[in-house]
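Chains, contacts and geometry: an overview
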Amino acid sequence: MTYRLCLIMMGLAVSAAAMGGCARTARDTTGFALEHTTTVDMPFKDAWQLVKTVLREQDFEIYTRDKRGTFVAHTKVSRVWRVLQPRRMQYTIELAPVSDTRTRVYIESVRQVYGVTLLTYPGWHDRKTTKDEGALAILSAIQDKAAARRA
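A few points on the structure. Keep in mind that what you see is a predicted model, and the values were worked out from it rather than measured.

1. As for helix 2 (residues 44–57)
- The first and last C-alpha atoms of helix 2 sit 20 Å apart over 14 residues, in line with the 20 Å expected at 1.5 Å per residue.
- Listed as buried for helix 2 are Ala 47, Trp 48, Leu 50, Val 51, Lys 52, Val 54 and Leu 55.
- Tucked inside the fold, the buried residues of helix 2 contact strand 1 (34–40), strand 2 (61–66), strand 3 (70–74), strand 5 (86–97), strand 6 (103–115) and helix 3 (133–150).
- Phi turns positive one or two residues past the end of helix 2, at Asp 59, with a value near 65°.

Here you go:
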């Protein structure tokens, strides 16, 4: 009887150890984003409209338009043939008035993949960003349109 009880207890201990090792906490995504800033010579309200226009012209899906100065926009979802996992870029654009005639434009870009882990629901997860051509293209278009309006 004690031999059988000992086997059951060892089996339970091994099972508990195995199950405890499967779950993990969510990944720390600090430092995954690339950031850029520029200043345009136009009032905040005009800069907000200009950013909205640029995002629409570049065919981004605008997820959030906050009149206080924040946009969250995504590229179209793509898949890499080898992996077939959905991917996209997320751009968070924040505007802040510097003066009555100048506005600071800050953009943060993050690469995202769609998936699920044991502790999360299916959804988009941030990954380290290495390329920022999209963010630079957005800032360049904003600067070009702001310069054209001044002229």
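2. Some thoughts on the packing of aromatic side chains
- Tallied over the full model, the rule gives three aromatic pairs.
- Ring centres of Phe 60 and Tyr 91 lie 5.4 Å apart, and the angle between their planes is 80°; on these two criteria the pair is classed as edge-to-face. Of the two residues, Phe 60 is situated in the loop between helix 2 and strand 2 and Tyr 91 in strand 5; the sequence distance between them amounts to 31 residues. Here the two residues Phe 60 and Tyr 91 agree in accessibility, since each one is buried.
- Between Tyr 114 and Trp 124 the ring centres are 5.3 Å apart and the planes differ by 70°, which places this aromatic pair in the edge-to-face class. Separated by ten residues along the polypeptide, Tyr 114 in strand 6 and Trp 124 in strand 7 (residues 123–127) bring together distant segments of the chain.
- By relative accessible area, which is 35% here, Tyr 114 ends up partly exposed.
- A residue is classified by how much of its surface remains accessible, and Trp 124, at 27% relative accessible area, is partly exposed.

Criteria and cut-off values
- Residues numbered from 1 in each chain as written.
- Predicted model: local features only at pLDDT ≥ 70, side-chain atom pairs only at ≥ 80, totals over all residues.
- Heavy atoms only, no water.
- Helix = DSSP H or I, 4+ residues; strand = E, 2+ residues; numbered from the N terminus.
- Expected span 1.5 Å × (residues − 1).
- Buried < 20%, exposed > 50% of the residue type's maximum accessible area, 1.4 Å probe, protein only.
- Contact = heavy atoms within 4.5 Å.
- Phe/Tyr/Trp six-rings, centres within 6.5 Å; stacked < 30°, edge-to-face > 60°.

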